[in-house]
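Given next are the chains, with one letter for each unit.
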Number of protein chains: 2
Amino acid sequence: MPTLRIALAQVNSTVGDIAGNSAAVRRWSREAAEAGAQLVAFPEMMLTGYPIEDLVFRDSFVAASRAGVDQLAADLAADGLGDLAVVVGYVDADGPAATSAEATPGRGRRDASALLFGGKVAARYFKHHLPNYGVFDEDRYFEPGDSLTVVRFGGVDVALTVCEDIWQAGGPFTAARRAGAGLVLNINASPYELNKDDVRLPLVMRRAAEAGATVAYVNAVGAQDELVFDGDSMIVTAHGELLTRAGQFTEELLIHDLPLPAADAQPNKAEKTDAAPLPIVEQWISHDMEIERVSLAAEPHPSRRDKRDGGVADRIADEAEVWSALVLGLRDYVNKNGFRSVIFGLSGGIDSAVVAAIAVDALGPSRVFAVSMPSGYSSAHSRDDAAELAKRTGIDYRTEPIQPMVDGFLANMALSGLAVENLQARVRGVILMALSNQEGHLVLTTGNKSELAVGYSTLYGDSVGGFNPLKDVPKTMVWQLARWRNTQGDPPIPENSITKAPSAELRPDQKDSDSLPDYAVLDPIIKGYVDDDLGRDALIEAGNDPALVDRVLRLVDLAEYKRRQSAPGPKISGKAFGRDRRLPITNRFREGGL
Amino acid sequence: MPTLRIALAQVNSTVGDIAGNSAAVRRWSREAAEAGAQLVAFPEMMLTGYPIEDLVFRDSFVAASRAGVDQLAADLAADGLGDLAVVVGYVDADGPAATSAEATPGRGRRDASALLFGGKVAARYFKHHLPNYGVFDEDRYFEPGDSLTVVRFGGVDVALTVCEDIWQAGGPFTAARRAGAGLVLNINASPYELNKDDVRLPLVMRRAAEAGATVAYVNAVGAQDELVFDGDSMIVTAHGELLTRAGQFTEELLIHDLPLPAADAQPNKAEKTDAAPLPIVEQWISHDMEIERVSLAAEPHPSRRDKRDGGVADRIADEAEVWSALVLGLRDYVNKNGFRSVIFGLSGGIDSAVVAAIAVDALGPSRVFAVSMPSGYSSAHSRDDAAELAKRTGIDYRTEPIQPMVDGFLANMALSGLAVENLQARVRGVILMALSNQEGHLVLTTGNKSELAVGYSTLYGDSVGGFNPLKDVPKTMVWQLARWRNTQGDPPIPENSITKAPSAELRPDQKDSDSLPDYAVLDPIIKGYVDDDLGRDALIEAGNDPALVDRVLRLVDLAEYKRRQSAPGPKISGKAFGRDRRLPITNRFREGGL
C-alpha cells in the first residue's frame, strides 16, 4: 500500500491579488516540500481570492487568472518544486464571455482546480455543483464542469473536486467511487457560520463513505468583505475515521502521511458500484459525466522515522469561535484595504466597548483610536467607563464634546423631538468622518444586529462607518461575548459597561427599553424572522407574544432602507444583513395583514 | 377562423401588496369585459409584484400568493366575470421550502402564470427559462417548469409562457409549435433599459416565427426600487406583422381583435415540425417537456361593428424615454413607500436642477421642497439660479446658510484641506436629514452616475438621501436631458445652470475640472469599464488616453465602498450601480498592474 505525505495549506488569499496569492502558494509549497510532502493542496480560488463576484465578467481578469496559473507552475519548477504536486484553485474559461442578449453571461467561466507538476498544469478539474443560495451566486458566474479528473499520482488514483461538490449527494463523489479513486481532494472557500464545524465533519464522513475513499478537505482561512473563512481542514477515511484536523481561524500547513490503496489493486472497480447503484446516480448521469485520467510519476516519499501525523486540533468554544471570526473579519478588512488604523465613538456602552476590544485584538492598541463625544445627556459614568476601557487597553482616547456643534444647528433651525435626537447622533458622525479625513483612520460602526434589524439607529449618525464588526451580532450575544472576553487574560471591558441598562443617551434618562422590548425577548423573534424566514403565525406558535411579534416584524420590514445603506460586517449567523438576505425596500407584505 | 378579442393589461403592481394588486386585476378585468374582451392578460408576478427577492423564502408569503390567486378567481366570478379568461402572474410552490443544508433553498418555488376562468384556476404554467444575470437571480428563487400548458379557449389553442421564455431560443416556443398552438401568451416584468424597445420587437418577431403562432406580449409598467418597467406590450403574428403596440411608461389596456386558427384545423401539426427539426431542439429535449392541455368552452365574442384595433403607439425619443423612466422611478418609490413629499439641496448646479424638474414632473410642485445651503464659497449666481428654478416651477424653496454650523466644528476641531471640504457637504447632509425628520420629507440624493463611478462625492454629505433619481445617469446625459426638458413646454431649468462649468463649490474657485477629466472624455471610459466590462487594454485600443484610463479605472475601483452605501435610483443603462453590478470592496486587481 503506497503512502502519500499530504499537506493541506489552510491559508489566506486576497481577492484580485494574483501576484501576491501566487507568492503565497510558492512560499507555502516550499515549506510543504521541506517537510517531505509529495502533494500540497490550496483552497478554492486561491489564486484569485474568493468570492470574485462580477470581476469574472471582465475578460482581462479571467485572462490574468489563466496566465497566472501557468506562470505559477513554471515558477514552482524554477523554485525546484517541479516534483511536488500542487493543487490550487483559480478561474478558468472555455473562451471569451458571451455578452449578447440571448446568451447567458458568464458562459464558459469555470471555478477550477489545477494540479501543477513538472512546471506545467498537469490536470484541471471544473467544479460541478455550483451553489446559488445564501451568500452564493455561482449560477450567475460559472458553468458547471461535467467530468471528473482523476490523477494517478505515486501509484494512487486521486480525484479532484471543489467545495460545493462535497455538500451535495451524488455527483463527483459517486463518480470517484466509480473511478475507483483512493483519495478525493476537496478544496474549499467555505464561509464561517456559528457551529458550521459541527456540520462539516459528518458531511465529510458521509461523502467519504459515498466515494469509498479517503477525503482530504482543505478550507481557506481569512476574510473578504462580509465573509470569514474559518479553516477547519481535515482528512477522513472511507470508514469515517478522522485522521487529522487543522485549527480554526489560523493559517497552517496540515501535514499527514496517508496509506492509500494502489491504483491497480482494484481491477473491477467499475462493476463494483454498478452492481449496487446509489439512489443519486440518476441525478448524476443526467450530466453525462465523463471520467478523465491523468498519470503522473511521483517519487515515492522516502521512508523516514518521523512519521507525520497532523493531529486533531481541539474545537474552540462558541464564544471563542465568534470572537475569532470578528477579529479576523476586522483585521483582514483593515489590512487588505490598506488602512493604518481605525476610529470610532466610545460611549461607555457595551457595543462600542466590545468593538474596542475586538479592534485591539485584531490590530493592537497602537492602531486603535477612540473618541468620547459626550452631550448634555451623557451620564458621568458613561464617560468614566469609556476612559477606563481606554486605560485598560492602551488605545488612543480623546474627548470631543458635541454640544457646541449641536447648538450651532439648533440656533439656526427650528428642530424638536426625534429631529434633535438624531441631530446629536449625526454631529457625532460628522466628527468621526472629519477625524477620518484629517488623520486617515477607517471609521468603525458599532451598531449590533438587533438595532440594525429593528432600525434603532440614526441613518448617517451612529450608522456612519466603513465596517461594522457587530453587524451580525445580536445584542444578547454582545453581552455574552463581553463576559467571555473578560475571562481571557486581563479583562478589557469595565464591568459597568456590561451590567448597566443600555441607552442611546439622546434625551434625558432615555433607555433602550423605552422603545424596544427586552433584548432577551427581541432577539429570538429577530432570529426567527430574519435568519429562519418564519412568518407571524409560526413565531406566535413558538411562544412569542402576538402583539410583540406584530410590532417587531413591522419594525424589521420598515428598516430595510436603512440596512441598504449600512456598512459591511463579518457574517457569523445563518443570515446576516448582507449578501445572504436580499429584500425589496418597497414591500407592502405585512405578516398578519398589519 | 375564430376571432378572439384580447386585452393586454399593461398595469402597475406593488411588491407584497397582494390585496391591492388583486383589486387592480378585478378593476382592469371589468374594464376589459366591458370592452367585450374574452381574454385579458396581466404581467408576470402581477399578484405579488416583481421582483420579490428573498420574500420567496418565507412560507407565509408564498402561501398568501397561492391563496390569493384562488381568492381572485372566486372574486372575479362573484364580480360576474367568470366567463372572462384572466391570465395573471403569481408565485406558486410544489410544497414547503427545503431548508436543510444539503437541499437547495427555493426548491419547489415557481414563477407561475394562472388562467382564471369560471371562478377557479383553470390552468397553471410554470416559467421554464429562469434568468440569472444582470438584475436577475431567478436560479436562486425558482425551479424551472418542465411542461407547456396549452388551453383550448374559444376554439383556439393558447399556450402560456412567462417573460424569459421569450428571450431564449428553443424551449416553450418550440414546444408551442409542436403543440400547434395558435396563440402564445407571454407575460412579462421586463425592466427598462435605454433602447430596449428596439430589441423587443425583433425578439418577439423571431419567437413568433419559431412558434409558428401569433404572440401576445404584455409587460408591466411601474417601478420597484431600482427597476423601472416600461410597458411596450404588443401583438405580433407568426409572419412578423406587428398588429398592435402599447405606449411606453403608461398604464393601459391594449385591446385587439385577433383572427386565430381553429384548434382542429391542424391535425398533423406535430409531424410538421418533426420533419424540420430546429437547431435548438436538442437543448429543449433535455428538459423533457411534456405538453399539458386544458379545454375551456369560451363564448365566442359577439360580432360587433366596432372591430377593435389597439393601434400601434409611436415610440418616444431617447431623451423622453430616459426622462419618463426617471419620473416613473421616483414617483413609484415615493408613493409606494408612503412618502408625502421630497426634499433636497438645490445648489444652482445642473444636477440638482434636473432632480428638481424630475421631482416636479413626478409629484407636482406642492410635494417638492428645495433648500439652498450656501457657504462662503457659493457664488451669487448659484443662489440666483436656484431661486430662479424654484420660481419657474413653483416648488417650496428656502435658504439655510451653512457657515454658522461649519464654524461650530472648525472652532472645536483642528481640520484642514479635504476634511474641511467634506465637512461642508456633511453639514448640508445633516440639515437635510434634520428637515426630513422634522417635516417628514424623503431626502433625494442628486449625484450623477459619473460622480458615483469615480467617487467624486462626500460620503454622508452630498451622498445623503433615500433615493437618487440620477444614480444611473452620466453627467453628459444630465445636460442632454436638461436641454431636452427645456424644449417641452415652459423651460423649468435656468439656462445658466446648463451652461456654466460644474463645481462642487467647496473651496474658492473650485471646478470639477480641477479633479476630473472633461465629462465628455470621462463618460465613455466609465461606460466601457462599468457597463461593458472592458479592461485597460480594450479601453486604450478604443482610443482613450492610457494615463487617463489608468487614473479613471483606479478611481472607479477605489469608490466601491462608497457605492456600497449609496441610495437606490432608477436603472436606465446596461449596468447601473445596483443589483446588476456586484463587486468586492476588497479587490487588489488593478488593470495594467497599477
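Residues numbered from 1 in each chain as written. Chains lettered and ligands numbered in written order. Predicted model: local features only at pLDDT ≥ 70, side-chain atom pairs only at ≥ 80, totals over all residues. Heavy atoms only, no water.

The name that an unreviewed UniProt entry assigns to chain A is Glutamine-dependent NAD(+) synthetase, with the source organism given as Paractinoplanes toevensis. As its UniProt record puts it under Pathway (unreviewed entry), chain A is described as follows: "Cofactor biosynthesis; NAD(+) biosynthesis; NAD(+) from deamido-NAD(+) (L-Gln route): step 1/1." The UniProt entry for chain A carries the following comment under Function (unreviewed entry): "Catalyzes the ATP-dependent amidation of deamido-NAD to form NAD. Uses L-glutamine as a nitrogen source." (UniProt positions renumbered as here; feature names shortened; annotations may be inferred.)

Novice: Please set out the sheet that holds strand 17 (residues 368-372) of chain B residue by residue, giving values where relevant.
Specialist: Within a beta sheet, neighbouring strands are joined by backbone hydrogen bonds and run either parallel or antiparallel to one another. All names here are of chain B. Overall, parallel pairing links the 4 strands, which are arranged 18-17-16-19 in an open sheet. Unpaired on one side and paired on the other, strand 18 (396-399) and strand 19 (442-443) mark the two borders of the sheet. Two strands pair when backbone bridges link them, and strand 16 (residues 342-345) and strand 19 are joined in this way by 2 bridges, in the parallel orientation. Following the sheet pairing, Val342 is matched in strand 19 by Leu442. Helix 12 (residues 418-439) rests against strand 16, strand 17, strand 18 and strand 19 of the sheet, and its axis sits at about 160° to strand 16. (Pairing = 2+ DSSP bridges. Helix = DSSP H or I, 4+ residues; strand = E, 2+ residues; numbered from the N terminus. Contact = heavy atoms within 4.5 Å. Axes fitted to C-alpha atoms, helices over the stretch in contact; angles between N-to-C directions.)

Novice: Hey, could you go over the confidence of the model for chain A for me, with residue numbers and the actual values?
Specialist: Per-residue confidence for chain A gives a mean pLDDT of 91, with 92% of residues at or over 70. The ipTM assigned to the predicted complex is 0.93, against a pTM of 0.94. (pLDDT = per-residue confidence, 0-100.)

Novice: Talk me through helix 9 (residues 350-363) of chain B; I want residue IDs and the actual numbers.
Specialist: Residue and element names in this part refer to chain B. The end-to-end C-alpha separation of helix 9 is 20 Å, in line with the 20 Å expected for 14 residues at 1.5 Å each. Extensive coverage of helix 9 is indicated by the burial of 13 of its 14 residues. The first or second residue beyond helix 9 is Gly364, which carries a positive phi of 85°. (Expected span 1.5 Å × (residues − 1). Buried < 20%, exposed > 50% of the residue type's maximum accessible area, 1.4 Å probe, protein only.)

Novice: For the side chain of Arg200 of chain B, give the residues involved together with the corresponding values.
Specialist: Residue and element names in this part refer to chain B. Among the structural elements, Arg200 can be located in helix 5 (residues 196-211). A polar contact of 3.2 Å, which involves the side chain of Arg200, links it to the side chain of Ser190. With sequence-adjacent residues up to four places away left out, Arg200 is seen in contact with Trp167, Ser190, Pro191, Tyr217, Asn219, Asp230, Gly231, Asp232 and Met234. (Polar contact = N/O pair within 3.5 Å; in protein donor to acceptor, adjacent residues only side chain to side chain.)

Novice: Explain the side chain of Gln510 of chain A to me, and be specific about the residues and the numbers.
Specialist: Tracing the backbone shows Gln510 of chain A in the loop between helix 15 (495-499) and helix 16 (512-515). Excluding anything up to four places from it in sequence, Gln510 of chain A contacts Glu421, Tyr456, Ser503, Ala504 and Glu505 of chain A.

Novice: Break down the pattern of salt bridges for me, with residues and values.
Specialist: All names here are of chain A. Counted by the stated rule, this structure contains 88 salt bridges over all chains. Glu53 is the partner of Arg579 in a salt bridge, and the nearest nitrogen-oxygen pair spans 2.7 Å. Linking Arg579 in the segment after helix 20 (560-564) with Glu53 in the loop between strand 2 (39-41) and helix 2 (59-78), this pair joins segments that are 526 residues apart in sequence. Of the two residues, Arg579 and Glu53, both sit in the buried class. (Salt bridge = Lys/Arg side-chain N within 4 Å of Asp/Glu carboxyl O.)

Novice: I'd like to hear about the UniProt feature "binding site: deamido-NAD(+)" (unreviewed entry) in chain A, residue by residue, with values.
Specialist: Cross-referencing UniProt, the feature "binding site: deamido-NAD(+)" (unreviewed entry) maps to Asn422, Glu451 and Lys562 of chain A in the present numbering. Excluding its chain neighbours within four sequence positions, the residues that come into contact with Asn422 of chain A are Thr458 of chain A together with Asn437 of chain B. With respect to the helices and strands, Lys562 of chain A occurs in helix 20. For Lys562 of chain A, the side chain forms a polar contact with the main-chain oxygen of Ser457 of chain A, separated by 2.5 Å.

Novice: Give a description of the interface of chain B and chain A that names residues and reports values.
Specialist: Residue-level contacts link 89 residues of chain B with 89 residues of chain A. For the chain B and chain A pair, buried surface summed over both sides reaches about 7500 Å², with 52% attributable to carbon and sulfur atoms. Across the pair Arg588 of chain A and Asp17 of chain B runs a salt bridge whose closest N-O atoms are separated by 3.2 Å. One can count 40 residue pairs in polar contact (both at pLDDT 80 or more) joining chain B with chain A. Looking at the side of chain B that touches chain A, the elements that each hand over two or more residues are helix 2 (59-78), helix 3 (138-141), helix 5, helix 8 (318-336), helix 11 (403-412), helix 12 and helix 20 (560-564) of chain B. (Buried area = accessible area lost by both parts, 1.4 Å probe.)

Novice: Go over the pairing of strand 1 (residues 3-10) of chain B, please, and point to the residues and values.
Specialist: Residues and elements named next belong to chain B. Among the 8 residues in strand 1, 7 count as buried, and that is most of the element. Pairing analysis gives 8 bridges linking strand 1 to strand 14 (residues 252-259), with the strands arranged antiparallel. Residue pairing in the sheet places Ile6 in a bridge with His256 of strand 14. One ladder, built from 3 bridges, connects strand 1 with strand 2 (residues 39-41); its direction is parallel. What sits directly across from Leu8, in strand 2, is Ala41.

Novice: Before we move on, can you summarise the sheet that holds strand 19 (residues 442-443) of chain A with the specific residues and values?
Specialist: All names here are of chain A. A sheet is described by the order of its strands in space; here 4 strands give the open sequence 18-17-16-19, paired in parallel fashion. Edge strands, defined here as strands with exactly one partner in the open sheet, are strand 18 (396-399) and strand 19. Across 4 bridges, strand 16 (residues 342-345) lies against strand 17 (residues 368-372) in parallel orientation. Among the inter-strand pairings, Val342 is bridged to a residue of strand 17, identified as Val368. Lying over the sheet, helix 9 (residues 350-363) contacts strand 16 and strand 17, oriented at roughly 170° with respect to strand 16.

Novice: Which residues make up the packing of aromatic side chains, and what values go with them?
Specialist: One pass over the structure, following the stated rule, counts 22 aromatic pairs over all chains. Consider the rings of Phe409 of chain A and Phe409 of chain B, whose centres lie 6.4 Å apart with planes at 80°: the pair is edge-to-face. Here Phe409 of chain A is found in helix 11 (residues 403-412), whereas its partner Phe409 of chain B is found in helix 11 on a different chain. A relative accessible area of 0% means that Phe409 of chain A is categorised as buried. (Phe/Tyr/Trp six-rings, centres within 6.5 Å; stacked < 30°, edge-to-face > 60°.)

Novice: Run through the relation of the copies chain B and chain A, naming residues and quoting values.
Specialist: When chain B is fitted to chain A, the best match, at an RMSD of 0.0 Å, comes from turning it 180° and sliding it 0.0 Å along the axis. Taken together, the rotation angle and the small translation identify this as a two-fold axis. Judged by C-alpha distance, Gln565 of chain B is the residue of chain B that lies nearest the rotation axis, at 2.1 Å. Most of the interface of chain B is mirrored in chain A, where 99% of its interface residues again form contacts. (Least-squares fit on C-alpha atoms with pLDDT ≥ 70 in both.)

Novice: Before we move on, could you go through the UniProt feature "binding site: ATP" (unreviewed entry) in chain A and cite the residues and values that matter?
Specialist: All names here are of chain A. Under the UniProt annotation, "binding site: ATP" (unreviewed entry) lies at Gly345, Leu346, Ser347, Gly348, Gly349, Ile350, Asp351, Ser352 and Thr446. With the annotated positions falling across 102 residues, the maximum pairwise C-alpha distance of 11.9 Å places them together in a single cluster. Relative to the elements of secondary structure, Gly348 occurs in the loop between strand 16 and helix 9. When near neighbours in sequence (up to four residues on either side) are disregarded, Gly348 contacts Ser382, Asp385, Ala386, Ser497 and Lys500. Secondary-structure assignment places Thr446 in the loop between strand 19 and helix 13 (449-454). Residue classification places Thr446 among the buried residues on the basis of a relative accessible area of 17%.

Novice: Describe unusual backbone geometry, with residues and values.
Specialist: Here the bond from Tyr50 of chain A into Pro51 of chain A is cis, since omega is -5°, no more than 30 degrees from zero. With respect to the helices and strands, Pro51 of chain A occurs in the loop between strand 2 and helix 2. At Tyr460 of chain A, a residue that is not glycine, the phi angle is positive and equals roughly 65°. Of note, Tyr460 of chain A is situated in the loop between helix 13 and helix 14 (475-486). For Tyr460 of chain A, a relative accessible area of 6% translates into the label buried. If you check the backbone angles, Glu53 of chain B has positive phi at about 50° while not being a glycine. With relative accessibility at 9%, the residue Glu53 of chain B sits in the buried group.

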